[in-house]
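Residue-level structural notes
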Amino acid sequence: MSAQHEEDDLAPSSTPGYKPAAAKSVDEYAKLDAEDESLARWKASLGIVPGASTSGSGPKVTILSLELVSPTLPPGKHLVMNVQDQNELAALKKNPITIKEGVEFNVRINFRVNHSIISGVRYIQVAKRSGIKVDKLEQMLGSYGPHPKGEPYTKNFDPEESPSGMLARSGTYQVRSRVVDDDGEVYADWEWSFKIGKDW
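Here's a quick rundown of the structure. (Residues numbered from 1 in each chain as written. Predicted model: local features only at pLDDT ≥ 70, side-chain atom pairs only at ≥ 80, totals over all residues. Heavy atoms only, no water.)

It is worth spelling out the side chain of S65 at this point. Considering the arrangement of structural elements, one finds S65 in strand 1 (residues 61-69). Here N110 takes part through its side chain, which lies 2.8 Å from a polar atom of the side chain of S65. (Helix = DSSP H or I, 4+ residues; strand = E, 2+ residues; numbered from the N terminus. Polar contact = N/O pair within 3.5 Å; in protein donor to acceptor, adjacent residues only side chain to side chain.)

On the basis of which strands lie adjacent, the open sheet formed by 5 strands has the order 3-10-9-5-6 and mixed pairing. Edge positions in the sheet fall to strand 3 (97-100) and strand 6 (132-144), since each has one partner strand and no second. Here the average twist between neighbouring strands, direction ignored, is 30 degrees. Pairing of strand 5 (residues 118-129) with strand 6 involves 10 bridges; the strand directions are antiparallel. (Pairing = 2+ DSSP bridges. Axes fitted to C-alpha atoms, helices over the stretch in contact; angles between N-to-C directions.)

Evaluation of the coordinates by the stated rule reveals 7 aromatic pairs. A centroid spacing of 5.0 Å and a plane angle of 75 degrees characterise the contact between F111 and Y144, whose relative ring orientation is edge-to-face. One end of the pair, F111, is in strand 4 (residues 104-113); the other, Y144, is in strand 6, with 33 residues separating them in the sequence. Residue Y144 is classed as buried on the basis of its relative accessible area of 15%. Note on Y144 and Y153: the rings are 4.6 Å apart at their centroids and 50 degrees apart in plane angle, and the pair reads as tilted. (Phe/Tyr/Trp six-rings, centres within 6.5 Å; stacked < 30°, edge-to-face > 60°. Buried < 20%, exposed > 50% of the residue type's maximum accessible area, 1.4 Å probe, protein only.)

What follows is the structure, encoded as structure tokens:
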């Protein structure tokens, strides 16, 4: 499969006619509609206040972890990928996570906004088996400013059901995950794998 086709799979869907607005600083957003008291309180809860620091180097967003969450997980078991640990990601690519067949689960992502306002941030995941695309998940994270206390944000995606049956249990699924914004800036891009089993 060509590299261009793989990049097309990971491209976020677009809405015809939608054009992202020009980027503004946190201070510019804080001064917009400054006379609207309820809007000012809401913006302050997002860390958008006059004089807020937006200077900083490095990425605007740091993806901390990706979790698979299910009420059917055994007590005490957590499926968490530390996206900042390259050794762990390399191991996850070679040693697949086991997802129980036919259960409801959801993806949860933890991230930190380091500086600036981010908008239209999406999580895209393409799963392949034997090199053939079998699933694509695209979920909107949304738009965020730096957290007022510097804390990470958590986004839970819509629940989905894992495949079931003998065919689903045969083989390993290779996954590529990406976090990208409306401007096409990629904040994280990593690969991992999973298999479907009778138990977690």
